[in-house]
Amino acid sequence: MSRRYFGTDGVRGKVGETPITPDFAMRLGYAAGKVLVAAEHESLHSERPAVLIGKDTRVSGYMLESALEAGLTAAGVDVRLTGPLPTPGIAYLTRALRLQAGVVISASHNPYDDNGIKFFSAAGAKLPDEIELAIETALDQPMRTAPSKGLGKVKRIDDAAGRYIEFCKSTFPNDMDLRGLKLVVDCANGADYYVAPHVFHELGADVIAISDQPDGFNINHACGATHPETLASAVRKHEADIGIALDGDGDRLIMADASGQIADGDRLIYAIARHRQETGQLKGGVVGTLMTNLGAEIALRALGCDFRRARVGDRYVLEMLNEHGWQVGGETSGHILCLDKHTTGDGIVSALQVLAALRRSGRNLADIIRDCPVFPQVLINVRLTNGFKLNGQPEIARAVAEVETELGDSGRVVLRASGTEPLIRVMVEGRDAAQVNRCAEQIAEAVRVAAAE
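What you are looking at is a predicted structure, and each value in this text was computed from that prediction instead of being measured.

Draft legend 1. A look at helix H10 (residues 314-324). Looking only at H10, the buried set comprises Asp314, Arg315, Tyr316, Val317, Leu318, Met320 and Leu321. If you follow the buried residues of H10, they end up packed against strand E1 (6-7), helix H4 (129-139), strand E13 (286-289), strand E14 (307-310), strand E15 (328-330) and strand E16 (336-338). Gly325 sits one or two residues past H10 and shows a positive phi near 75 degrees.

So, in C-alpha coordinates, the structure goes:
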(Lines give C-alpha, C1' and ligand atoms only; values in the text may rest on other atoms or scores of the structure.)
Protein backbone atom coordinates (compact mmCIF):
# COMPACT_ATOMS: atom_id res chain seq x y z
CA MET A 1 0.00 0.00 0.00
CA SER A 2 1.56 3.33 -1.04
CA ARG A 3 1.42 6.45 1.10
CA ARG A 4 -0.69 9.35 -0.16
CA TYR A 5 0.65 12.18 1.94
CA PHE A 6 3.82 11.09 3.72
CA GLY A 7 7.05 11.36 1.71
CA THR A 8 10.60 10.60 2.78
CA ASP A 9 10.44 13.28 5.49
CA GLY A 10 6.85 13.65 6.62
CA VAL A 11 4.09 15.57 4.88
CA ARG A 12 5.37 18.48 2.82
CA GLY A 13 4.19 20.91 0.16
CA LYS A 14 3.33 24.47 -0.81
CA VAL A 15 1.52 26.46 1.87
CA GLY A 16 -2.15 26.87 1.00
CA GLU A 17 -2.20 23.82 -1.26
CA THR A 18 -3.24 20.35 -0.08
CA PRO A 19 -1.92 18.96 2.16
CA ILE A 20 -0.37 22.08 3.72
CA THR A 21 -3.64 23.74 4.66
CA PRO A 22 -5.09 24.47 8.11
CA ASP A 23 -8.02 22.09 7.70
CA PHE A 24 -5.76 19.21 6.67
CA ALA A 25 -3.33 19.96 9.51
CA MET A 26 -6.18 19.82 11.99
CA ARG A 27 -7.36 16.46 10.65
CA LEU A 28 -3.77 15.19 10.60
CA GLY A 29 -3.33 16.21 14.23
CA TYR A 30 -6.51 14.40 15.17
CA ALA A 31 -5.56 11.25 13.22
CA ALA A 32 -2.04 11.23 14.66
CA GLY A 33 -3.41 11.70 18.14
CA LYS A 34 -5.62 8.66 17.72
CA VAL A 35 -2.92 6.46 16.20
CA LEU A 36 0.14 7.52 18.17
CA VAL A 37 -1.14 8.16 21.65
CA ALA A 38 -4.85 8.04 22.35
CA ALA A 39 -4.91 4.26 21.98
CA GLU A 40 -2.26 4.03 24.74
CA HIS A 41 -4.29 6.06 27.24
CA GLU A 42 -5.18 3.04 29.38
CA SER A 43 -1.50 2.15 29.83
CA LEU A 44 -0.72 5.65 31.16
CA HIS A 45 -2.47 5.05 34.49
CA SER A 46 -5.21 7.55 33.67
CA GLU A 47 -2.71 10.30 32.82
CA ARG A 48 -3.62 12.16 29.67
CA PRO A 49 -1.20 11.46 26.79
CA ALA A 50 0.90 14.44 25.65
CA VAL A 51 2.59 15.47 22.41
CA LEU A 52 5.33 18.06 21.82
CA ILE A 53 5.02 20.53 18.92
CA GLY A 54 7.97 22.57 17.65
CA LYS A 55 8.58 24.54 14.48
CA ASP A 56 11.12 26.44 12.44
CA THR A 57 10.89 30.17 11.65
CA ARG A 58 8.51 30.17 8.65
CA VAL A 59 5.61 32.58 8.89
CA SER A 60 3.17 29.73 8.13
CA GLY A 61 4.28 27.92 11.28
CA TYR A 62 1.84 29.90 13.41
CA MET A 63 -1.12 28.77 11.32
CA LEU A 64 -0.12 25.10 11.17
CA GLU A 65 0.78 25.01 14.86
CA SER A 66 -2.69 26.23 15.82
CA ALA A 67 -4.38 23.74 13.49
CA LEU A 68 -2.37 20.79 14.80
CA GLU A 69 -3.04 21.91 18.34
CA ALA A 70 -6.80 21.93 17.65
CA GLY A 71 -6.74 18.44 16.12
CA LEU A 72 -4.65 16.89 18.87
CA THR A 73 -6.65 18.42 21.72
CA ALA A 74 -9.89 17.33 20.03
CA ALA A 75 -8.52 13.78 20.13
CA GLY A 76 -8.00 14.08 23.88
CA VAL A 77 -4.26 14.72 23.76
CA ASP A 78 -2.39 17.35 25.76
CA VAL A 79 0.00 19.55 23.79
CA ARG A 80 3.36 21.03 24.78
CA LEU A 81 4.69 23.93 22.65
CA THR A 82 8.35 24.92 22.26
CA GLY A 83 8.15 27.65 19.64
CA PRO A 84 11.07 27.74 17.16
CA LEU A 85 13.44 24.87 17.91
CA PRO A 86 15.55 22.62 15.65
CA THR A 87 14.06 19.30 14.58
CA PRO A 88 16.64 17.28 16.57
CA GLY A 89 15.77 19.40 19.60
CA ILE A 90 12.17 18.23 19.35
CA ALA A 91 13.36 14.63 19.06
CA TYR A 92 15.50 15.05 22.18
CA LEU A 93 12.84 16.80 24.29
CA THR A 94 10.15 14.30 23.32
CA ARG A 95 12.34 11.60 24.81
CA ALA A 96 13.63 13.63 27.76
CA LEU A 97 10.15 14.75 28.85
CA ARG A 98 8.75 11.21 28.46
CA LEU A 99 6.07 12.38 26.03
CA GLN A 100 4.22 10.06 23.68
CA ALA A 101 5.21 11.77 20.40
CA GLY A 102 6.83 14.84 18.91
CA VAL A 103 5.70 16.94 15.95
CA VAL A 104 7.90 19.28 13.91
CA ILE A 105 6.46 21.95 11.59
CA SER A 106 9.15 22.53 9.00
CA ALA A 107 10.09 22.09 5.35
CA SER A 108 13.76 21.76 6.28
CA HIS A 109 15.95 23.24 3.52
CA ASN A 110 13.05 24.36 1.27
CA PRO A 111 11.98 28.03 0.70
CA TYR A 112 9.74 29.85 3.17
CA ASP A 113 6.52 29.32 1.19
CA ASP A 114 6.83 25.55 1.60
CA ASN A 115 6.15 23.85 4.90
CA GLY A 116 5.72 20.38 6.29
CA ILE A 117 4.78 18.25 9.27
CA LYS A 118 6.78 15.30 10.57
CA PHE A 119 6.52 13.12 13.63
CA PHE A 120 8.81 11.51 16.16
CA SER A 121 8.01 8.53 18.35
CA ALA A 122 8.32 8.56 22.13
CA ALA A 123 11.89 7.28 21.65
CA GLY A 124 12.80 10.34 19.56
CA ALA A 125 12.98 8.38 16.28
CA LYS A 126 11.23 9.01 12.98
CA LEU A 127 8.10 6.95 12.45
CA PRO A 128 8.29 3.71 10.48
CA ASP A 129 6.33 3.42 7.25
CA GLU A 130 3.59 1.27 8.81
CA ILE A 131 2.74 3.91 11.43
CA GLU A 132 2.53 6.63 8.78
CA LEU A 133 0.21 4.38 6.80
CA ALA A 134 -1.97 3.93 9.89
CA ILE A 135 -2.21 7.71 10.30
CA GLU A 136 -3.22 8.07 6.66
CA THR A 137 -5.91 5.44 7.17
CA ALA A 138 -7.19 7.31 10.22
CA LEU A 139 -7.46 10.47 8.12
CA ASP A 140 -10.35 8.85 6.28
CA GLN A 141 -12.33 8.50 9.50
CA PRO A 142 -14.62 11.32 10.69
CA MET A 143 -13.43 13.53 13.54
CA ARG A 144 -15.32 12.84 16.75
CA THR A 145 -14.32 15.44 19.27
CA ALA A 146 -13.73 14.06 22.75
CA PRO A 147 -16.26 15.11 25.41
CA SER A 148 -15.37 18.36 27.16
CA LYS A 149 -13.90 16.62 30.21
CA GLY A 150 -11.65 14.59 27.90
CA LEU A 151 -10.27 17.42 25.76
CA GLY A 152 -6.54 18.06 25.77
CA LYS A 153 -4.88 21.11 27.29
CA VAL A 154 -1.96 23.20 25.97
CA LYS A 155 1.16 24.36 27.79
CA ARG A 156 4.27 26.20 26.60
CA ILE A 157 7.71 24.92 27.63
CA ASP A 158 9.60 28.08 28.47
CA ASP A 159 13.06 26.52 28.92
CA ALA A 160 13.05 24.31 25.78
CA ALA A 161 15.99 26.08 24.12
CA GLY A 162 18.09 25.99 27.28
CA ARG A 163 17.49 22.27 27.76
CA TYR A 164 18.51 21.54 24.19
CA ILE A 165 21.64 23.72 24.42
CA GLU A 166 22.79 21.72 27.44
CA PHE A 167 22.08 18.45 25.64
CA CYS A 168 24.19 19.48 22.64
CA LYS A 169 27.09 20.49 24.88
CA SER A 170 26.89 17.13 26.65
CA THR A 171 27.79 15.31 23.40
CA PHE A 172 31.21 17.03 23.33
CA PRO A 173 34.04 15.44 25.38
CA ASN A 174 34.15 16.71 28.97
CA ASP A 175 37.94 17.07 28.90
CA MET A 176 37.91 19.30 25.84
CA ASP A 177 36.84 22.81 24.85
CA LEU A 178 36.83 25.07 21.78
CA ARG A 179 38.99 27.87 23.18
CA GLY A 180 41.19 29.47 20.56
CA LEU A 181 38.91 28.58 17.66
CA LYS A 182 37.18 31.27 15.61
CA LEU A 183 33.99 29.84 14.09
CA VAL A 184 31.55 31.26 11.58
CA VAL A 185 28.11 29.75 12.24
CA ASP A 186 25.49 30.17 9.50
CA CYS A 187 22.09 29.59 11.09
CA ALA A 188 20.13 29.74 7.78
CA ASN A 189 17.71 32.22 9.42
CA GLY A 190 16.07 29.07 10.71
CA ALA A 191 15.35 27.17 13.89
CA ASP A 192 19.00 27.24 15.06
CA TYR A 193 19.24 31.07 15.05
CA TYR A 194 19.31 31.24 18.85
CA VAL A 195 20.57 27.83 19.88
CA ALA A 196 23.63 27.20 17.69
CA PRO A 197 25.67 30.33 18.52
CA HIS A 198 25.14 29.70 22.25
CA VAL A 199 26.32 26.07 22.07
CA PHE A 200 29.64 26.86 20.40
CA HIS A 201 30.20 30.03 22.44
CA GLU A 202 29.57 28.27 25.75
CA LEU A 203 32.16 25.64 24.77
CA GLY A 204 34.72 28.40 24.43
CA ALA A 205 34.77 29.33 20.74
CA ASP A 206 34.86 32.83 19.33
CA VAL A 207 31.58 32.73 17.38
CA ILE A 208 30.60 34.91 14.45
CA ALA A 209 26.92 34.20 13.79
CA ILE A 210 25.47 34.96 10.37
CA SER A 211 21.94 34.49 8.96
CA ASP A 212 20.65 34.61 12.53
CA GLN A 213 17.89 37.22 12.07
CA PRO A 214 14.79 35.29 10.89
CA ASP A 215 11.77 37.30 9.78
CA GLY A 216 9.46 34.48 8.68
CA PHE A 217 10.45 34.83 5.03
CA ASN A 218 14.26 34.62 4.81
CA ILE A 219 14.75 31.04 5.99
CA ASN A 220 17.32 29.27 3.74
CA HIS A 221 17.43 32.31 1.42
CA ALA A 222 20.98 32.51 0.01
CA CYS A 223 22.31 31.07 3.26
CA GLY A 224 22.71 27.91 5.29
CA ALA A 225 23.70 24.41 4.26
CA THR A 226 22.05 24.70 0.83
CA HIS A 227 24.09 27.81 -0.04
CA PRO A 228 27.57 27.03 1.34
CA GLU A 229 29.16 29.74 -0.81
CA THR A 230 27.83 32.26 1.75
CA LEU A 231 29.61 30.38 4.52
CA ALA A 232 32.85 30.11 2.53
CA SER A 233 32.86 33.85 1.85
CA ALA A 234 32.26 34.69 5.52
CA VAL A 235 35.04 32.36 6.68
CA ARG A 236 37.52 34.12 4.42
CA LYS A 237 36.23 37.58 5.33
CA HIS A 238 36.55 37.00 9.07
CA GLU A 239 39.70 34.86 8.79
CA ALA A 240 37.98 32.13 10.76
CA ASP A 241 39.38 28.67 11.45
CA ILE A 242 36.22 26.79 10.47
CA GLY A 243 32.75 27.51 9.13
CA ILE A 244 29.58 25.67 10.14
CA ALA A 245 26.39 25.90 8.06
CA LEU A 246 23.08 24.48 9.22
CA ASP A 247 19.77 24.31 7.38
CA GLY A 248 16.34 25.69 8.23
CA ASP A 249 15.38 23.02 10.73
CA GLY A 250 18.88 22.23 12.01
CA ASP A 251 19.34 18.61 10.96
CA ARG A 252 21.88 19.23 8.15
CA LEU A 253 25.52 20.23 8.40
CA ILE A 254 28.00 21.54 5.86
CA MET A 255 31.43 22.87 6.93
CA ALA A 256 34.22 24.95 5.43
CA ASP A 257 37.93 24.98 6.25
CA ALA A 258 40.01 28.11 6.82
CA SER A 259 40.48 28.64 3.08
CA GLY A 260 36.73 28.40 2.42
CA GLN A 261 36.92 24.91 0.92
CA ILE A 262 33.54 23.22 1.41
CA ALA A 263 33.21 19.83 3.12
CA ASP A 264 29.89 18.15 2.39
CA GLY A 265 28.21 15.38 4.35
CA ASP A 266 30.25 12.60 2.76
CA ARG A 267 33.57 14.15 3.77
CA LEU A 268 32.34 15.02 7.26
CA ILE A 269 31.16 11.45 7.79
CA TYR A 270 34.60 10.34 6.65
CA ALA A 271 36.23 12.69 9.19
CA ILE A 272 34.12 11.30 12.04
CA ALA A 273 34.58 7.67 10.98
CA ARG A 274 38.34 8.09 10.44
CA HIS A 275 38.85 9.48 13.92
CA ARG A 276 36.78 6.74 15.50
CA GLN A 277 38.55 4.06 13.48
CA GLU A 278 41.97 5.39 14.49
CA THR A 279 41.01 5.52 18.17
CA GLY A 280 39.18 2.18 18.22
CA GLN A 281 35.78 3.78 18.81
CA LEU A 282 34.09 2.92 15.51
CA LYS A 283 31.40 0.34 16.08
CA GLY A 284 30.98 -1.71 12.88
CA GLY A 285 30.95 0.17 9.59
CA VAL A 286 29.44 3.22 7.94
CA VAL A 287 26.13 3.61 6.09
CA GLY A 288 25.73 6.05 3.20
CA THR A 289 23.08 6.27 0.50
CA LEU A 290 22.78 5.71 -3.22
CA MET A 291 23.95 9.33 -3.62
CA THR A 292 27.11 9.02 -1.50
CA ASN A 293 30.16 9.94 -3.58
CA LEU A 294 32.17 6.99 -4.84
CA GLY A 295 35.34 8.72 -3.60
CA ALA A 296 34.04 8.57 -0.02
CA GLU A 297 33.29 4.87 -0.31
CA ILE A 298 36.79 4.17 -1.63
CA ALA A 299 38.38 6.28 1.13
CA LEU A 300 36.39 4.57 3.88
CA ARG A 301 37.26 1.12 2.60
CA ALA A 302 40.93 2.16 2.51
CA LEU A 303 40.64 2.74 6.27
CA GLY A 304 39.30 -0.77 6.70
CA CYS A 305 35.73 0.43 7.26
CA ASP A 306 32.85 -1.62 5.96
CA PHE A 307 30.47 0.52 3.90
CA ARG A 308 26.85 -0.02 2.86
CA ARG A 309 24.40 2.05 0.81
CA ALA A 310 20.80 2.63 1.88
CA ARG A 311 17.96 4.25 -0.02
CA VAL A 312 18.00 8.05 -0.13
CA GLY A 313 16.59 9.53 3.07
CA ASP A 314 18.08 9.60 6.57
CA ARG A 315 15.23 7.39 7.80
CA TYR A 316 16.56 4.58 5.61
CA VAL A 317 20.13 5.21 6.75
CA LEU A 318 18.84 4.87 10.31
CA GLU A 319 17.06 1.62 9.49
CA MET A 320 20.24 0.11 8.04
CA LEU A 321 22.37 1.30 10.96
CA ASN A 322 19.96 -0.33 13.39
CA GLU A 323 19.84 -3.48 11.28
CA HIS A 324 23.64 -3.88 11.50
CA GLY A 325 24.07 -2.44 14.99
CA TRP A 326 26.31 0.37 13.65
CA GLN A 327 26.41 4.01 14.75
CA VAL A 328 27.73 6.32 12.01
CA GLY A 329 26.14 7.17 8.67
CA GLY A 330 24.38 9.82 6.66
CA GLU A 331 23.91 11.64 3.40
CA THR A 332 25.90 13.90 1.09
CA SER A 333 23.42 16.70 1.86
CA GLY A 334 24.65 16.82 5.45
CA HIS A 335 22.22 14.61 7.35
CA ILE A 336 24.67 12.83 9.65
CA LEU A 337 23.78 10.21 12.24
CA CYS A 338 25.93 9.43 15.28
CA LEU A 339 23.60 7.11 17.15
CA ASP A 340 25.77 7.01 20.28
CA LYS A 341 25.05 10.74 20.62
CA HIS A 342 21.49 11.23 19.35
CA THR A 343 18.58 9.28 17.90
CA THR A 344 18.36 11.42 14.77
CA GLY A 345 20.45 13.66 12.52
CA ASP A 346 21.59 16.80 14.31
CA GLY A 347 23.66 19.53 12.65
CA ILE A 348 25.08 20.94 15.89
CA VAL A 349 25.90 17.54 17.39
CA SER A 350 27.52 16.40 14.13
CA ALA A 351 29.63 19.57 14.01
CA LEU A 352 30.78 18.88 17.56
CA GLN A 353 31.85 15.34 16.57
CA VAL A 354 33.96 16.76 13.73
CA LEU A 355 35.45 19.42 16.01
CA ALA A 356 36.24 16.79 18.65
CA ALA A 357 38.05 14.72 16.00
CA LEU A 358 40.10 17.76 14.98
CA ARG A 359 40.95 18.71 18.56
CA ARG A 360 41.92 15.18 19.58
CA SER A 361 44.00 14.49 16.45
CA GLY A 362 45.65 17.90 16.21
CA ARG A 363 44.71 18.11 12.53
CA ASN A 364 42.80 20.85 10.78
CA LEU A 365 39.75 20.17 8.62
CA ALA A 366 41.66 20.38 5.33
CA ASP A 367 44.16 17.78 6.57
CA ILE A 368 41.60 15.26 7.78
CA ILE A 369 39.48 15.24 4.60
CA ARG A 370 42.38 15.39 2.12
CA ASP A 371 42.35 11.59 1.75
CA CYS A 372 38.66 11.56 0.86
CA PRO A 373 38.49 12.48 -2.85
CA VAL A 374 35.36 13.82 -4.49
CA PHE A 375 34.64 12.18 -7.83
CA PRO A 376 32.86 14.33 -10.42
CA GLN A 377 29.15 13.94 -9.78
CA VAL A 378 26.37 15.66 -11.68
CA LEU A 379 22.82 15.88 -10.38
CA ILE A 380 20.11 17.16 -12.73
CA ASN A 381 16.61 17.74 -11.36
CA VAL A 382 13.99 17.33 -14.07
CA ARG A 383 10.76 19.01 -12.96
CA LEU A 384 7.59 17.17 -13.91
CA THR A 385 3.87 17.45 -13.71
CA ASN A 386 2.30 15.36 -10.98
CA GLY A 387 1.39 11.84 -12.02
CA PHE A 388 4.45 10.95 -14.13
CA LYS A 389 5.61 7.40 -13.41
CA LEU A 390 9.32 6.67 -13.78
CA ASN A 391 8.88 2.92 -14.10
CA GLY A 392 7.87 1.44 -17.44
CA GLN A 393 9.53 4.11 -19.61
CA PRO A 394 11.57 2.22 -22.26
CA GLU A 395 13.34 5.33 -23.62
CA ILE A 396 14.64 6.19 -20.16
CA ALA A 397 15.71 2.61 -19.46
CA ARG A 398 17.57 2.53 -22.76
CA ALA A 399 19.44 5.77 -22.00
CA VAL A 400 20.45 4.52 -18.56
CA ALA A 401 21.69 1.20 -19.97
CA GLU A 402 23.82 2.99 -22.58
CA VAL A 403 25.44 5.23 -19.97
CA GLU A 404 26.09 2.37 -17.56
CA THR A 405 27.79 0.41 -20.33
CA GLU A 406 29.98 3.40 -21.20
CA LEU A 407 31.02 4.08 -17.59
CA GLY A 408 31.64 0.46 -16.67
CA ASP A 409 33.10 -0.02 -13.17
CA SER A 410 34.43 3.53 -13.00
CA GLY A 411 31.09 5.24 -12.46
CA ARG A 412 27.50 5.01 -11.29
CA VAL A 413 24.01 6.08 -12.36
CA VAL A 414 21.18 6.79 -9.92
CA LEU A 415 17.73 7.70 -11.18
CA ARG A 416 14.97 8.32 -8.65
CA ALA A 417 11.83 10.30 -8.00
CA SER A 418 12.05 12.95 -5.28
CA GLY A 419 10.10 12.16 -2.13
CA THR A 420 9.29 15.83 -1.45
CA GLU A 421 8.96 17.56 -4.85
CA PRO A 422 7.64 16.69 -8.36
CA LEU A 423 11.14 15.96 -9.66
CA ILE A 424 13.11 13.14 -11.20
CA ARG A 425 16.68 13.27 -9.92
CA VAL A 426 19.31 12.12 -12.43
CA MET A 427 22.72 11.48 -10.89
CA VAL A 428 25.78 10.35 -12.83
CA GLU A 429 29.19 9.88 -11.24
CA GLY A 430 32.59 8.92 -12.64
CA ARG A 431 36.25 9.85 -12.87
CA ASP A 432 36.02 12.12 -15.93
CA ALA A 433 34.02 15.35 -15.45
CA ALA A 434 33.27 15.94 -19.15
CA GLN A 435 32.02 12.39 -19.60
CA VAL A 436 29.87 12.61 -16.48
CA ASN A 437 28.25 15.87 -17.62
CA ARG A 438 27.48 14.49 -21.08
CA CYS A 439 26.04 11.24 -19.72
CA ALA A 440 23.85 13.00 -17.15
CA GLU A 441 22.38 15.32 -19.78
CA GLN A 442 21.75 12.32 -22.07
CA ILE A 443 19.59 10.64 -19.41
CA ALA A 444 17.91 13.89 -18.34
CA GLU A 445 16.87 14.60 -21.92
CA ALA A 446 15.35 11.10 -22.18
CA VAL A 447 13.33 11.88 -19.03
CA ARG A 448 12.15 15.20 -20.45
CA VAL A 449 11.06 13.61 -23.72
CA ALA A 450 9.20 10.79 -21.96
CA ALA A 451 7.48 13.21 -19.58
CA ALA A 452 6.33 15.42 -22.47
CA GLU A 453 4.61 12.58 -24.32
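Additional details are given in the paragraphs that follow.
Draft legend 2. Fine view of the environment of Glu239. Along the polypeptide, Glu239 turns up in the loop between helix H7 (228-238) and strand E10 (242-246). For Glu239, a relative accessible area of 67% corresponds to the exposed category.

Draft legend 3. Quick look at the packing of helix H3 (residues 87-96) against helix H5 (residues 160-170). Running from N to C, H3 and H5 cross one another at 90 degrees; their axes reach a closest spacing of 10 Å. In terms of orientation, H3 and H5 fall into the roughly perpendicular class. Where H3 approaches H5, its residues Pro88, Gly89, Tyr92 and Leu93 are matched on the opposing element by Ala160, Arg163, Tyr164 and Phe167. Across the contact of H3 with H5, the residue classes tally to 6 nonpolar, 1 polar and 1 charged.

Draft legend 4. Spotlight on the pattern of salt bridges. For the structure on display, the rule yields 34 salt bridges. Its salt-bridge partner being Asp56, residue Arg58 comes within 2.7 Å of it at the nearest N-O pair. Residue Arg58 shares its accessibility class with Asp56, and that shared class is buried. The shortest N-O distance in the salt bridge between Asp251 and Lys118 comes to 3.8 Å. With a gap of 133 residues between them, Asp251 in the loop between E10 and strand E11 (253-256) and Lys118 in strand E6 (residues 114-121) connect regions that are remote in the sequence.

Draft legend 5. Representation of the nonpolar core in the model. The biggest cluster of nonpolar side chains holds 64 residues, and the ones touching the most others in it are Leu178, Leu183, Phe200, Ile244, Ile348 and Leu355. When residues of this core are assigned to their parent elements, the largest contribution, 9 residues, is made by helix H11 (residues 347-361). Excluding residues that lie within four positions of it along the chain, Leu355 makes contacts with Phe172, Leu178, Leu181, Leu183, Phe200, Ile242, Ile244 and Met255. Counting 31 residues, the second-largest nonpolar core is a separate cluster that includes Leu28, Leu64, Val79 and Val103.

Draft legend 6. Structural detail: a nonpolar patch on the surface. Together, Val59, Tyr62, Tyr112 and Phe217 make up a nonpolar patch on the protein surface, roughly 410 Å² of accessible area in all. Looking at the secondary structure, you find Tyr62 in helix H2 (residues 61-74).

Draft legend 7. A look at the side chain of Lys126. Mapping Lys126 onto the fold places it in the loop between E6 and H4. For Lys126, the side chain forms a polar contact with the side chain of Asp9, separated by 2.8 Å. At 3.0 Å, the side chain of Lys126 forms a polar contact with the side chain of Asp314. Each residue touching Lys126, except ones within four places of it in the same chain, is listed here: Asp9, Phe119, Phe120, Asp314, Arg315 and Thr344.

Draft legend 8. Seen up close, the pairing of strand E8 (residues 182-186). A large share of E8 lies buried, amounting to 4 of its 5 residues. Pairing analysis gives 5 bridges linking E8 to strand E9 (residues 206-210), with the strands arranged parallel. Note on E9: the bridge partner recorded for Val185 is Ala209. Taken together, E8, helix H6 (residues 195-202) and E9 constitute a β-α-β crossover, and its handedness is right-handed. One ladder, built from 4 bridges, connects E8 with E10; its direction is parallel. The partner of Asp186 across the bridge, within E10, is Ala245.

Draft legend 9. Local environment of the packing of aromatic side chains. Following the criterion strictly, the structure yields 5 aromatic pairs and no others. Arranged with centres 6.2 Å apart and planes meeting at 50 degrees, the rings of Phe6 and Phe119 form a pair that is tilted. Of the two residues, Phe6 is situated in strand E1 and Phe119 in strand E6; the sequence distance between them amounts to 113 residues. The exposure class assigned to Phe6 is buried, which follows from its relative accessible area of 5%. On the accessibility criterion, Phe119 (6% relative accessible area) is buried. When the ring of Tyr92 is compared with that of Phe167, the centres are 4.2 Å apart and the planes differ by 15 degrees; the resulting orientation is stacked. Residue Tyr92 is located in helix H3, and its partner Phe167 is located in helix H5; the two are separated by 75 residues in the primary sequence.

Draft legend 10. Here's a closer look at the state of the cysteines. Taken as a whole and judged by the stated rule, the model has 0 disulfides. Free cysteine Cys168: the closest other cysteine sulfur is in Cys187, separated by 12 Å. Here Cys187 stays free of any disulfide, with the sulfur of Cys223 as its closest cysteine sulfur at 9.3 Å. Given a relative accessible area of 0%, Cys187 falls into the buried group.

Draft legend 11. Expanded view of the sheet that holds strand E17 (residues 377-383). Pairing is antiparallel in the open sheet, where 3 strands are placed in the order E17-E19-E18. Pairing within the sheet leaves two strands with one partner each, and these edge strands are E17 and strand E18 (411-417). Neighbour to neighbour, the strand axes of the sheet diverge by 10 degrees on average, direction disregarded. Alignment of E17 against strand E19 (residues 423-430), held across 7 bridges, turns out to be antiparallel. Among the inter-strand pairings, Arg383 is bridged to a residue of E19, identified as Leu423.

Rules used throughout
Residues numbered from 1 in each chain as written. Predicted model: local features only at pLDDT ≥ 70, side-chain atom pairs only at ≥ 80, totals over all residues. Heavy atoms only, no water. Buried < 20%, exposed > 50% of the residue type's maximum accessible area, 1.4 Å probe, protein only. Helix = DSSP H or I, 4+ residues; strand = E, 2+ residues; numbered from the N terminus. Contact = heavy atoms within 4.5 Å. Axes fitted to C-alpha atoms, helices over the stretch in contact; angles between N-to-C directions. Parallel < 35°, antiparallel > 145°, perpendicular 65-115°, else oblique. Nonpolar A, V, L, I, M, F, W, Y, C, P; charged D, E, K, R; others polar. Salt bridge = Lys/Arg side-chain N within 4 Å of Asp/Glu carboxyl O. Core = buried A, V, L, I, M, F, W, Y, C linked by side-chain atoms within 4.5 Å. Patch = residues over 30% accessible without salt bridge, like charges linked within 9 Å, V, L, I, M, F, W, Y side chains within 5 Å. Areas by Shrake-Rupley, 256 points an atom, 1.4 Å probe, with all protein chains shown as cover. Polar contact = N/O pair within 3.5 Å; in protein donor to acceptor, adjacent residues only side chain to side chain. Pairing = 2+ DSSP bridges. Right-handed = clockwise from strand over helix to strand, strands pointing away. Phe/Tyr/Trp six-rings, centres within 6.5 Å; stacked < 30°, edge-to-face > 60°. Disulfide = S-S within 2.5 Å.

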